[in-house]
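What follows is each chain in one-letter form.
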Amino acid sequence: MPNWQSTPPSGDTGQPLRIIRTPADRPFAAIITCTEPTGCCTHFVGNRTVPCEGVDVCPWCQDGHPWRWHGYVSCVSGATLEHVIFEFTATASDTFRTYAQSFGGLRGCHFQAHRPSKRHNGRVVIACKPADLGRITLPEPPNLKKLLCNLWGIQYTEADTHRLPNRIGAQIGVGPGNGDARNKP
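Asks: Lay out the overall build of the protein with the relevant residues and their values.
Replies: Along the backbone of the protein there are 3 helices and 8 strands. Counted from the first residue to the last, the protein has its helices and strands arranged as β-β-β-β-α-β-β-α-β-β-α. Classification of the 185 residues of the protein by burial places 38% in the buried group. Taking the contacts inside the protein whose residues are at least 6 apart along the sequence as the reference set, 66% of them involve residues at least 24 apart. With an accessible surface of roughly 11,100 Å², the protein has 51% of that area assigned to carbon and sulfur atoms.

The following block contains the structure:
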């Protein structure tokens, strides 16, 4: 006889979270579940985002592909209550940095991201405020580095996650042109 349950067992199901980017036609609103962003330099190659391995060893850098910094936060979507990963660029990160400095971290930050130009590659503007956490219980944050490695199809090891490409500092937006698109190392 089956052991019927109304919810799945707790624990890691092995399913990665979806990556959400700011839509062109409407705002995206969510509440952040992690305390700080996770980011790295990336290339857009073969119609997908891939991590940069550092200017001296990265095959995409050596082939002349431009890089840009991308940041990621785990969050609960305001529209669906789905736990997702939100992707943003260095330019859009300033609001998150200011919020984290003011409130001691990002967990519980309610944000809305939109593209004023309504274009898919338009500038992203982010507005933040503290969420009313009396109305929602936030899930525990996932290991973003592990999830991103899984999505990118690369092996995850704790030791590798502390290494940064040698052309960029540990803080968001440090590097040539703040890591914006089309900048070369």
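Asks: Explain unusual backbone geometry to me, using residue names and the numbers behind them.
Replies: Look at Asn-47: it is not a glycine, yet its phi comes out positive at around 70 degrees. Phi is positive for Lys-118, close to 65 degrees, though the residue is something other than glycine. The class for Lys-118 is exposed, based on a relative accessible area of 55%.

Asks: Could you give an account of the environment of Ala-131, naming the residues involved and the relevant values?
Replies: Its place among the elements puts Ala-131 in the loop between β8 (125–130) and α3 (144–152). Setting aside chain neighbours within four positions, we find Ala-131 in contact with Ile-31, Gly-108 and His-110.

Asks: Can you tell me about the pattern of salt bridges, naming the residues and giving the values?
Replies: Considering all chains together, one arrives at 4 salt bridges under this definition. As a salt-bridge pair, Arg-18 and Glu-82 come within 2.8 Å of each other at their nearest N and O atoms. Placement of Arg-18 in the segment before β1 (19–20) and of Glu-82 in the loop between β5 (68–77) and β6 (83–89) is noted, with a sequence separation of 64 residues between them. According to the relative accessible area criterion, Arg-18 is partly exposed, its value standing at 47%. Measuring nitrogen to oxygen at the nearest pair gives 2.8 Å for the salt bridge that ties Arg-26 to Asp-25. Classification of Arg-26 as partly exposed rests on a relative accessible area of 48%.

Asks: Summarise the packing of aromatic side chains; cite the residues concerned and give the values.
Replies: A full pass over the atoms with the stated rule returns 9 aromatic pairs. Summarising the aromatic geometry, the rings of Phe-96 and Phe-111 are spaced 5.3 Å apart at their centres and angled 90 degrees between planes, so their arrangement reads as edge-to-face. Taken together, the residues span a long stretch of sequence, with Phe-96 in helix α2 (residues 94–103) and Phe-111 in strand β7 (residues 109–114) at a distance of 15 residues. What links up through ring pairs into an aromatic cluster is the set Phe-28, Trp-69, Phe-86, Phe-88, Phe-96 and Phe-111.

Asks: Break down the environment of Thr-33 for me, citing the residues and quoting the values.
Replies: As for its placement among the helices and strands, Thr-33 is situated in the loop between β2 (28–32) and β3 (38–45). Given the relative accessible area of 0%, Thr-33 is considered buried. Placed 76 residues apart in sequence, Thr-33 and Cys-109 show a C-alpha to C-alpha distance of 8.1 Å. Not counting residues up to four positions away in its chain, the partners in contact with Thr-33 are Ser-74, Cys-75, Val-76, His-83, Arg-107, Leu-138, Pro-139, Pro-141 and Pro-142. At a separation of 2.6 Å, a polar atom in the side chain of Thr-33 contacts the side chain of Ser-74. A distance of 2.8 Å separates a polar atom in the side chain of Thr-33 from a polar atom in the side chain of His-83.

Reading the values: rules and limits
- Residues numbered from 1 in each chain as written.
- Predicted model: local features only at pLDDT ≥ 70, side-chain atom pairs only at ≥ 80, totals over all residues.
- Heavy atoms only, no water.
- Helix = DSSP H or I, 4+ residues; strand = E, 2+ residues; numbered from the N terminus.
- Buried < 20%, exposed > 50% of the residue type's maximum accessible area, 1.4 Å probe, protein only.
- Contact = heavy atoms within 4.5 Å.
- Areas by Shrake-Rupley, 256 points an atom, 1.4 Å probe, with all protein chains shown as cover.
- Salt bridge = Lys/Arg side-chain N within 4 Å of Asp/Glu carboxyl O.
- Phe/Tyr/Trp six-rings, centres within 6.5 Å; stacked < 30°, edge-to-face > 60°.
- Polar contact = N/O pair within 3.5 Å; in protein donor to acceptor, adjacent residues only side chain to side chain.

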